[in-house]
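Letter by letter, the chains look like this.
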Amino acid sequence: MDCPRCTVEMAEIPGDDGTMHRCSDCGGLWVEPADLNRILLHANLPALSAIGGWANPEEMTGQCPACHVDLVVVEGGEKRSLAYDTCESCGGSWVDGPDVDEVPEAQTWKEAEKEIVSFFKDFRKK
Ligand SMILES: [Zn+2]
Ligand SMILES: [Zn+2]
């Protein structure tokens, strides 16, 4: 699977029930809807469909690495400062990497899960 931003092959992060993908170039994470919802519920957050945010059809972004249709940008957080991308076809989601120069190479499911939870906690702040 290629990164929707950089079109380089993403690394797999295997978990007990699924696989996440991380781009070693930009650090972004690709998560399947079942995995994402499991992670959110586990952290006492609502499922993605209930988490809120505003779809911004003006914003151009990449294509779904699985279905190759254009992703939709959903904005949220304080002053809509955060955004994630989602595929309306497969429901997969893309979360941009942390703003650091060095993207951590070795990533465990636990670490990626923590990153996703903290992103969506901020995303729900108004
Ligand atoms: Zn990338
Ligand atoms: Zn898709």
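Please refer to the structure placed before this passage.
The present account deals with the structure reproduced in this document.

Rules used in this analysis
- Residues numbered from 1 in each chain as written.
- Chains lettered and ligands numbered in written order.
- Predicted model: local features only at pLDDT ≥ 70, side-chain atom pairs only at ≥ 80, totals over all residues.
- Heavy atoms only, no water.
- Helix = DSSP H or I, 4+ residues; strand = E, 2+ residues; numbered from the N terminus.
- Buried < 20%, exposed > 50% of the residue type's maximum accessible area, 1.4 Å probe, protein only.
- Contact = heavy atoms within 4.5 Å.
- Areas by Shrake-Rupley, 256 points an atom, 1.4 Å probe, with all protein chains shown as cover.
- Lys, Arg positive; Asp, Glu negative; His and termini not counted.
- Charge placed at Lys NZ, Arg CZ, Asp CG, Glu CD.
- Phe/Tyr/Trp six-rings, centres within 6.5 Å; stacked < 30°, edge-to-face > 60°.
- Polar contact = N/O pair within 3.5 Å; in protein donor to acceptor, adjacent residues only side chain to side chain.
- 1 Å grid on protein atoms, 1.4 Å probe; cavity = no way out; pocket = protein on both sides within 12 Å on 5 of 7 lines; lining within 4 Å.
- Points joined across faces, edges and corners; volume = space filled by probe spheres on them.
- Nonpolar A, V, L, I, M, F, W, Y, C, P; charged D, E, K, R; others polar.
- Donors = N, O, S within 2.8 Å, 3.2 Å for Na, K, Ca; no water.
- Tetrahedral: all angles 85-135°; square planar, octahedral: opposite > 155°, others 65-115°.

### Some details on the overall build of the chain
- Looking only at helices and strands, one finds two helices and seven strands in the chain.
- Going from N to C terminus, the chain has its helices and strands arranged as β-β-β-α-β-β-β-β-α.
- Evaluated residue by residue, the chain yields a buried proportion of 40% over its 126 residues.
- Looking at the chain alone, contacts between residues at least 24 apart form 51% of all its contacts between residues at least 6 apart.
- Of the accessible surface of the chain, which amounts to about 7300 Å², a share of 48% is contributed by carbon and sulfur atoms.
- One way to put it: in the chain the 11 positive side-chain charges average out to a point 11 Å from where the 24 negative ones average out.

### So, the packing of aromatic side chains
- Taken as a whole, this structure holds five aromatic pairs when the rule is applied.
- Pairing Tyr84 with Phe123 gives two aromatic rings, centres 5.2 Å apart and planes at 65 degrees, and the pair type is edge-to-face. Of this pair, Tyr84 sits in strand 6 (residues 82-86) while Phe123 sits in helix 2 (residues 109-123), placing them 39 residues apart in sequence. No difference in accessibility class separates Tyr84 from Phe123, as the two residues are buried.
- Through successive ring pairs, a cluster of aromatic residues spans Tyr84, Phe119, Phe120 and Phe123.

### Here's the deal with the side chain of Asp85
- Within the secondary structure, Asp85 sits in strand 6.
- For Asp85, a relative accessible area of 3% puts it in the buried group.
- Of the polar contacts made by the side chain of Asp85, one reaches the side chain of Arg5; its length is 3.0 Å.
- In contact with Asp85, not counting residues within four places along its chain, are Arg5, Thr61, Leu71, Val72, Val73, Gly92, Ser93 and Trp94.

### Structural notes on the layout of surface pockets
- Roughly 230 Å³ of volume is contained in the largest pocket.
- Together, 13 residues line the largest pocket, and Leu82, Val95, Asp96, Gly97 and Phe119 are the ones closest to its centre.
- Of all the elements in the fold, those that place two or more residues in the lining of the largest pocket are strand 6 and helix 2.
- The element best represented in the lining of the largest pocket is helix 2, accounting for five residues.
- Within the lining of the largest pocket, the residues separate by chemical class into seven nonpolar, three polar and three charged.
- Put simply, the second largest pocket is a space of about 180 Å³.
- Where the lining of the second largest pocket is concerned, the elements lending two or more residues are helix 1 (33-42) and helix 2.
- In terms of residue class, the lining of the second largest pocket is made up of two nonpolar, two polar and five charged.

### Here we look at the coordination of the zinc ion (ligand 1)
- Ligation of the zinc ion (ligand 1) by protein atoms is provided by Cys3 (SG), Cys6 (SG), Cys23 (SG) and Cys26 (SG), these donors lying 2.1 to 2.3 Å from the ion.
- Geometry at the zinc ion (ligand 1) is tetrahedral, judged from the four donor atoms that bind it and their angles of 106 to 116 degrees at the metal.
- In primary-sequence terms, the residues that donate to the zinc ion (ligand 1) follow C-x2-C-x16-C-x2-C.
- With a relative accessible area of 0%, Cys23 lands in the buried category.
- We classify Cys26 as partly exposed; its relative accessible area is 25%.

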